[in-house]
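Structure at a glance
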Amino acid sequence: MNALAQHITALIRASGPLTLAEFMALCLQHPEHGYYTTRDPLGAEGDFTTAPEISQMFGELVGLCLAQSWLDAGAPSPFTLAELGPGRGTLMADIMRATRAVPGFHAAAELLLVETSPALRARQKAALAGYQPAWANQLTPKNQPLFLIANEFFDALPIRQFIRDEAGWRERVVGLDDGALAFGLTDATQLAALEHRWNDTEIGDVVELSGHADAVASEISSHIAAQGGCALIIDYGDWRSKGDTFQALKAHKKVSPLTALGTADLTAHVDFEALAKAAAEVQHSKLTPQGLFLERLGVTARAQALAKKLSGAALESHIAAHRRLTHPEEMGTLFKVMALTPQGAPPPAGLEDDA
Ligand code: SAH
């Protein structure tokens, strides 16, 4: 049993089973042994790969989308350009490179990186050396317009899970069985937060809630409603959570979340409807598949332009990257994009309602 497992076992002995959210928060964020505290999890040698690590095209197009929203808002200056969970800083570096030619954008942008991991903050510092970003553990932007990107951030926030039975909802918890960590279920209760799920679920169905994700969405919403701006949220998930999506990934493979605590990435799919509800002070765009979003922004033309300079293995890997980002069997439909904008603002490029 590793140090984190010993710590969690002692907590459960002292005060009873943990909700999945409490367990996730400890595994991911424990100040000494947490997964994100101790490592850089990204890339081929890590546990998972993200869109900006697959191809520069992702960040370039996200950058153009944000810059277009900034222009549509009247090019406010100064403004906060924020990223939640910036990983290695690759996405923000690509956004900045792609927006160099947008007049006034760089001069007006104040970079804010919301990141709890010391290991990843160091990577971001290196990737963004030319831009003097500020760091924060939570989103606390200045009173000025906020343009924000969060890619694969919300899926890392703690969730609670509930299983429906005849009498109500039983919560999935982590307790002890013979001294070993084991999943359990509480007795059934009624939950106001799940009232709207009574009509579209049956006995045995699992639904997930993330109070943490909802709180972040609500914070973004209040800020954009008051100050203007635009938030792009990109992640895997769907309009409504249904089913058990809690998973642990280690070296690109699924593992049990209850073994080798703090050494595997724990995630759950994002419930975009819950985010949209929490962001009630602003409007949300139509939830759009990542592949469609990137196609509308011209990813194929950009891929062809980049391909002209490539040959051999580099060309093949570039073609594979384009496919990975956009194809329905890869990230194209599993990943979704939703924008939050002030009431009455036009939808950002790529997220139009029509098609
Ligand atoms: N957006 C990046 C990285 C995604 S990995 C990319 O697309 O490549 C998730 C990121 O969120 C990491 O940077 C991680 O350290 C950060 N993170 C996870 N939970 C967080 C929390 N509760 N608060 C702040 N950052 C968090």
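Above this text you will find the structure in question.
Residues numbered from 1 in each chain as written. Predicted model: local features only at pLDDT ≥ 70, side-chain atom pairs only at ≥ 80, totals over all residues. Heavy atoms only, no water.

Val 62, Leu 81, Leu 232 and Phe 293 are the most contacted members of the largest nonpolar core, which totals 43 residues. Element by element, the count of residues in this core is highest for helix H5 (residues 56–72), at eight residues. When near neighbours in sequence (up to four residues on either side) are disregarded, Phe 293 contacts Val 62, Cys 65, Leu 232, Ile 234, Thr 288, Val 337, Ala 349, Gly 350 and Leu 351. (Core = buried A, V, L, I, M, F, W, Y, C linked by side-chain atoms within 4.5 Å. Buried < 20%, exposed > 50% of the residue type's maximum accessible area, 1.4 Å probe, protein only. Helix = DSSP H or I, 4+ residues; strand = E, 2+ residues; numbered from the N terminus. Contact = heavy atoms within 4.5 Å.)

With respect to the helices and strands, the residue Ser 317 is situated in helix H13 (residues 312–326). For Ser 317, a relative accessible area of 48% translates into the label partly exposed. Sequence separation between Ser 317 and Leu 176 is 141 residues, and the spatial gap between their C-alpha atoms is 46 Å.

Moving on: the pairing of strand S11 (residues 247–250). Here S11 runs beside strand S13 (residues 265–267); their pairing, made up of three bridges, is antiparallel. Bridge pairing in S13 links Gln 247 to Thr 267. Direction of pairing for S11 relative to strand S12 (residues 253–255): antiparallel, over a ladder of three bridges. Bridge pairing in S12 places Leu 249 opposite Lys 254. Where S11 folds back onto S12 in an antiparallel hairpin, the turn is made up of two residues, including Ala 251, whose phi is positive at roughly 50°. (Pairing = 2+ DSSP bridges.)

All right, on to the sheet that holds S11 then. The three strands lie next to each other as S12-S11-S13, forming an open sheet whose pairing is antiparallel. Each edge of the open sheet carries a strand with a single partner, namely S12 and S13. Each strand of the sheet is rotated relative to its neighbour by a mean of 40°, with strand direction disregarded. (Axes fitted to C-alpha atoms, helices over the stretch in contact; angles between N-to-C directions.)

Within the structure shown, the criterion is met by 16 salt bridges. Its salt-bridge partner being Glu 329, residue Arg 323 comes within 3.9 Å of it at the nearest N-O pair. Through salt bridges with shared partners, one network takes in Asp 40, Glu 53, Arg 88 and Arg 123. (Salt bridge = Lys/Arg side-chain N within 4 Å of Asp/Glu carboxyl O.)

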